[in-house]
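Structural features, examined
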Amino acid sequence: MTQATGSTGTVRRTMGTVAAVLAATALLGGCGPKTDPAAAPGSGPAASPSTDPKQALLAAVPDESVGAFRFSGKDSSGDLSGRIDPAAKAMEMNMAAPPDKDGITTKMSFLIIEDKVWMKAKFSGHPGLPKFPDKWMALDKAKLTDGDGVPTYDGADQGNAGPLLDAATSVEQQGPGKYAGFIDVTGGEAAKALDDGEAAALGEAGKHVPFTAQVGPDGHLTSLVLSMPAAGKQKAYRYVVTYADFGGTPKITEPTGSAVTKAPALAYELLNN
């Protein structure tokens, strides 16, 4: 694989969309005031003694040349999982939010194929919540007031592993396919992988964030875990990205027939709120 650092944004935009939808749901529904995946031990490829560990990791980040694969991610905002199909410029993202303070549970999915977007949404835990068909709802982007209101496909590395590893200040190989080191998340593309304002709040601690990474026998990055320190009101947490099943994941195709319907006006009301 060629070195790929990618660009940040998609996962963060998806989390932002879900947060906005949750806030809108409380209004539309008439409510009141508003196991981490880990690097699996294994026998990954042993890097040549002359190979720079950081460059070896960057070369393992998925790029547009790989087949369809699965991913999962976890940060301070929540959890995501899904599929990525670089050849089709497509991805499927699934998000499940735990009950909020009003007891509302949210499940959302987005399906993106080039410039087309479909969405699923389900809310439970409170009377009077919006109800949507259990189908892929085709969205008309012309009806969305915010161009970043829904996720877009902007590369295979949806977990932002490339930008984060590119900001590593030290990397060492600790065994076959196993790496560890420190990342400076306070600036550049690495800072954009975090919540708005989080990098600044971390201060000096953000310049020395420990991480571990795993590369599988096929040379693909399978996990990246950052141990993020507490910052202001934000508690310490783990930023986790996992990639798996390269080439063995079903390709992404457009939903058809009874599996798809037009998005109702309420969907746009939620997304544009």
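Worth saying up front: this structure is predicted, and the values here are computed from it rather than measured.

1. A closer look at the nonpolar core
The biggest cluster of nonpolar side chains holds 64 residues, and the ones touching the most others in it are Phe 211, Leu 221 and Leu 226. With residues near it in sequence (within four places) discarded, Leu 226 still touches Leu 164, Ile 183, Val 185, Val 209, Pro 210, Phe 211, Tyr 237, Arg 238 and Tyr 239.

2. Structural notes on the pairing of strand E7 (residues 168-175)
Looking at chain direction, E7 and strand E8 (residues 178-183) are connected through 6 bridges and run antiparallel. For Ala 168, the partnering residue across the bridge sits in E8 and is Ile 183. Counted between consecutive antiparallel strands, the loop separating E7 from E8 contains 2 residues, among which Gly 177 sits at a positive phi close to 75°.

3. Remarks on the pattern of salt bridges
In total, this model carries 6 salt bridges according to the counting rule given. Ionic pairing is found between Arg 70 and Asp 245, a salt bridge with its closest N-O pair at 3.7 Å. Placement of Arg 70 in strand E1 (residues 69-75) and of Asp 245 in the loop between strand E11 (237-244) and strand E12 (260-262) is noted, with a sequence separation of 175 residues between them. We classify Asp 245 as partly exposed; its relative accessible area is 37%. A salt bridge links Lys 207 to Glu 204; the nearest nitrogen and oxygen atoms lie 3.2 Å apart. Taking the relative accessible area as the measure of exposure, Glu 204 reaches 59% and is therefore exposed.

4. A word on the sheet that holds E8
With mixed pairing, the 12 strands of this open sheet are ordered in space as E7-E8-E9-E10-E11-E1-E2-E3-E4-E5-E6-E12. Of all the strands in the sheet, the pair left with one neighbour each is E7 and E12. Between one strand and the next, the sheet's axes are offset by a mean angle of 20°, whatever the strand orientation. Both strand E6 (residues 136-139) and E12 contribute to a ladder of 3 bridges, which runs parallel. Paired with Ala 138 across the two strands is Lys 262, which belongs to E12.

5. Structural notes on the environment of Pro 163
Note on placement: Pro 163 falls in helix H3 (residues 161-166). A sequence separation of 22 residues divides Pro 163 from Val 185, and the C-alpha atoms of the two residues are 9.5 Å apart.

6. Some remarks on unusual backbone geometry
Unlike most non-glycine residues, Lys 89 shows phi in positive territory, near 50°. The topology assignment puts Lys 89 in the loop between strand E2 (78-85) and strand E3 (90-97). Judged by relative accessible area, Lys 89 falls into the partly exposed class, the value being 44%.

7. Quick look at helix H2 (residues 53-60)
Within H2, the full set of buried residues consists of Ala 56, Leu 57, Leu 58 and Ala 60. On its buried face, H2 is in contact with H3, E7, E8, strand E9 (209-215) and strand E10 (221-228).

8. Here we look at the confidence of the model for the protein
Residues of the protein with pLDDT of at least 70 account for 80%, and the chain-wide mean is 83. Here residues 1-6 scores under 50 on pLDDT; set against residues more than four positions off or in separate chains, the count is 25 contacts. Predicted confidence is poor over residues 26-49, with pLDDT under 50, and the contacts of this stretch with residues over four places away or in other chains come to 53 contacts.

Criteria and cut-off values
Residues numbered from 1 in each chain as written. Predicted model: local features only at pLDDT ≥ 70, side-chain atom pairs only at ≥ 80, totals over all residues. Heavy atoms only, no water. Core = buried A, V, L, I, M, F, W, Y, C linked by side-chain atoms within 4.5 Å. Buried < 20%, exposed > 50% of the residue type's maximum accessible area, 1.4 Å probe, protein only. Contact = heavy atoms within 4.5 Å. Pairing = 2+ DSSP bridges. Helix = DSSP H or I, 4+ residues; strand = E, 2+ residues; numbered from the N terminus. Salt bridge = Lys/Arg side-chain N within 4 Å of Asp/Glu carboxyl O. Axes fitted to C-alpha atoms, helices over the stretch in contact; angles between N-to-C directions. pLDDT = per-residue confidence, 0-100.

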